[in-house]
Structure formats: structure tokens, C-alpha cells
Amino acid sequence: MTLRIYNTLSRQVEPFTPIEPSHVRMYVCGMTIYDLCHVGHARMMMAFDVVSRWLRASGYKVTYVRNITDIDDKIIRRALERNIPIRQLTDEMIAAMHQDVASIGIEPPTHEPRATEYVPQMLEMIQRLEDKGLAYRASGGDVNFAVRKFPGYGKLSGKSLDELRAGERVAVLEGKEDPLDFVLWKSAKPEEPADAKYSSSFGPGRPGWHIECSAMSCALLGEHFDIHGGGMDLQFPHHENEIAQSEGATGQTFVNVWMHNGFLNVDNEKMSKSLGNFFTIRDVLKSFDGETVRFFMLRTHYRSPFNFSDANLEDARHALRRLYTALANLEAVPALESIDWTQPQAAAFRAAMDEDFNTPGAVAVLFELAAEVNRSHSADAAALLKALGAVLGLLQQSPRAFLQGGNTLDNADIERLIEQRAAAKKARDFAAADAIRRNLAERGIVLQDSAQGTTWVKA
């Protein structure tokens, strides 16, 4: 099969062919780092972590760029609130982001550029746009992009100029020739701190949000590359504006395939601090382990709306435990050097992933293999289960360690109670033995008796 990807630009699933054979260049809009990452951020990064993993598993070299916006109104405001330099705040938040995303198995991108490191490239692109008559200097000192002078504006959102309106992050200020025009360079304000201001031929200021991604992607991937991704909320105006300024500056196609992950809801409502249903990654990890969170997200297709709830997470935890239990039933699971993609379950897994990264379909294959392992105790099926799980970033822990993880009792205490139960059974004090089992069960520990002895797992 050929990999097929839903292209937001064409609004259809298309066969994917990279510009450069065997090499995929992908850019994803990353975090504006003024606070801890929330589960919506995790959902976006998880979607493109899977894309990157599957492209590599399919034999491609992948150059994956995910940027960091480290200069922004919210960042400046938060640094002033805390009375610290902007760089101190952003360094702290980047370190926290790296820790949080690693905890759910998201791999680092190839490049993670910070916007403040690419201001010269942004200024060069703005100058090219001005030279071509696509940018103008407003009376207040800003430099704006003239939307109506770019003929293709609206092709990503599929709307005409008259249907479109300025997006949430596009301030409609005096000096704009058209409300849809967006800022490329923001003139410095007297009250802004010195570390928020950069020198330029347009006067002191800082880059607008949209120009950052165009400059960084072109610098690291070239002016024409394969895949650009991000959350559905970025389709307009951010990605629409990226196309306009990039193609306006270079005169060529910017990106071949545009990918957008679906919105996140919490208990079927949009996540927001005002509704009290706002959760950071760290909030979630207080109650659920990182692999469970990862597995939970993989059970929903990246383009579908994603409903976050404790009940759904709990269901995912029990489902993941079923996969690990299948592996735990074998004394040892051999490691596969490579996956035979002609093997029926492997072929089904590949077919699912090749159809627009259908992770729910791929996860269904994992459960088919787990059922086979439970039925036949086949070491080959278990090895394939673990190898296919690895493609999705799953099932790489020791099964016993995963199944025993997160208990509130010390392991030595559990083993001591198991020994007491064994002694009670030997003495034919079955009431005492049953009481120990019940006591452990009430504390989330399930005993498993076999001819080899008694082991335990967390319920």
C-alpha cells in the first residue's frame, strides 16, 4: 500500500510522495511557552509524534522541525508579573515542556528552533515582501501584510476574502489598510521591557507571530517542503497567513500537504480555565501514568474531536493493562530484529497506518495479537505485539513492572503479606488467607496464583 494523508488544502485523502525521494521534511507549529503545557498541547504533539514515527518506520529519513515561540505578548506579560527576564521565563518553561512531553513518550524533533534566534531571517523576509509591494509601513510604526494584494489568500480555509474576518490573535489596529491585514513587525512600545525589543531597519520592535514560522521553516527545511502541521485552530488565520507571506516572498509553493489535528474537549465541553476544566500534562500525570495517557490519545484518530475525561482515561488504563497482561503470561518475549510486514497482523497494522495514520485501527490489531497470545501462548505473536507496539511508542516496559506500577503499598510489604498468606494456606487457615487477599484487593492489589507461586498486579 501507499501512504495516504488527508490534505487540508485539497480537502481529501491523497497518496503521499515526498519532494525528495526517501526524505520527508515536516514543520509543526509548537508551543508559545509562557506556562506549563496542557493536554491540548499534548494531543497536538502526540499526533505529529506518531506521524514522524510512522514515516521513519516506513523507511523515510525525516527532518522534523517543531518551533518554540519565545517572544509574545503573553510571555512579556508573564515575565513582568514575575519580575524576571524574558529569557529566564522561557528557559524555565522549555525545560518543563521537555520533561512533560518526555513523560508521555513524545520524541524530540530533529530541530526545535526558538523564534528569537531567527529574527534576522524574519526581517529579511519582511523586506522581500515590502520590496514586492506586499507589505507596507503603517502610521504607528508596524509593518503589515497587504492581504488583498496576494491573489491566493483564503485557499487553505476555503473562504473568499469577503467571508473571512480577522482571527483571534490579529489585532485590528489603526493604520491598517484592510481589517484582514496582519502585522509582520510590531513597533516597540515605550512601556515594553528592553529585552522585548529588537533593532531593525523598520525601527525597534519584535516580529509578529505569523512571520516566525515562515522564516524558521524556510531556513531549516527550504522554501518548499512536504508537510506542515498543527492544531485545527491554526488553520485560520495563522496557517493561511503563513502561506500568503511565504509564497508572496518566494514566488513558489510553500507546502505540499497541510495536516491539522482535531479539537480537544473535556467531558464534551471545550477546555477553558473559566469552566474549571483546564488540565496541564502534570495535572493528569498525578493520577495516570504517562504510557496510559499516550495510549488514551492513540485510541482516537488524530483528525477526530478528542474527548478528555477521567472515565475515558480509566478505560484506557484497563485496556492497556490487557495488552501488558498478555505479554506477562509468557516467561520471556523475544525481540524482533525487524518486522515482517507480509505477516497478516503486521500487514493489517500497516494498512491502518498507511491510511492517514489510523491509530485506532492499528491499536485494534494489537488487541487481536494479544488475544492470540492469550489463546496460544505463542512467543512469535508476543514478539510481534511488542514490536508493533514500539512503532506507536507502547509496550516497551517490563510487563510485570507496568502491571505493578502505581501501587500505594511498598513492594516489600506486599511480598510479606503474600508470604503470610502462603503460610496461612499451608496451615489450612483459609479464612486468614482469604482475609489477606481481600485486604490487598481493597488496596488495589490483585493476587494471581499459579503452579509457580503467587504474583501480583495493580488493579
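Quick caveat: nothing in here was measured; it's all calculated off a predicted structure.

Trainee: Explain the packing of aromatic side chains to me, please; I cannot follow it from the model alone.
Mentor: Any pair of aromatic rings gets described here by the distance separating the centres and the angle formed by the planes. Counted according to the given criterion, the structure contains 14 aromatic pairs. Pairing Tyr324 with Phe402 gives two aromatic rings, centres 4.2 Å apart and planes at 20 degrees, and the pair type is stacked. Remark: Phe402 occurs in helix α13 (residues 399–404) and Tyr324 occurs in helix α9 (residues 310–328); sequence separation between them is 78 residues. By the burial criterion, Tyr324 is buried, and Phe402 matches it.

Trainee: Can you help me understand the sheet that holds strand β8 (residues 205–207) in this one?
Mentor: Picture the strands of a sheet paired through backbone hydrogen bonds; they go either parallel or antiparallel. Taken in spatial order, the 4 strands of this open sheet run β5-β6-β7-β8, and their pairing is antiparallel. The open sheet has two free edges, formed respectively by β5 (135–137) and β8, since each of these has just one partner strand. Averaged over all neighbouring strand pairs, the angle between strand axes comes to 20 degrees, with direction disregarded. With 3 bridges connecting them, strand β7 (residues 182–187) and β8 associate as antiparallel partners.

Trainee: Quick question: what am I supposed to make of the pairing of strand β15 (residues 453–458) here?
Mentor: In the sheet, strand β14 (residues 445–450) pairs with β15 via 6 bridges, with the strands oriented antiparallel. Paired with Leu447 across the strands is Trp456, a residue of β15. From the end of β14 to the start of β15, which pair antiparallel, there are 2 residues.

Trainee: Help me understand the side chain of Glu14, please; the structure alone is not making it clear to me.
Mentor: Mapped onto the fold, Glu14 is located in strand β2 (residues 12–15). Arg11 is the oppositely charged side chain nearest to the buried, salt-bridge-free Glu14, at an N-O distance of 9.2 Å. At 3.2 Å, the side chain of Glu14 and the side chain of Asn7 are in polar contact. A polar atom in the side chain of Glu14 sits 2.5 Å from the side chain of Ser10. Excluding anything up to four places from it in sequence, Glu14 contacts Leu3, Arg4, Ile5 and Asn7.

About the cut-offs
Residues numbered from 1 in each chain as written. Predicted model: local features only at pLDDT ≥ 70, side-chain atom pairs only at ≥ 80, totals over all residues. Heavy atoms only, no water. Phe/Tyr/Trp six-rings, centres within 6.5 Å; stacked < 30°, edge-to-face > 60°. Helix = DSSP H or I, 4+ residues; strand = E, 2+ residues; numbered from the N terminus. Buried < 20%, exposed > 50% of the residue type's maximum accessible area, 1.4 Å probe, protein only. Pairing = 2+ DSSP bridges. Axes fitted to C-alpha atoms, helices over the stretch in contact; angles between N-to-C directions. Lys, Arg positive; Asp, Glu negative; His and termini not counted. Salt bridge = Lys/Arg side-chain N within 4 Å of Asp/Glu carboxyl O. Polar contact = N/O pair within 3.5 Å; in protein donor to acceptor, adjacent residues only side chain to side chain. Contact = heavy atoms within 4.5 Å.

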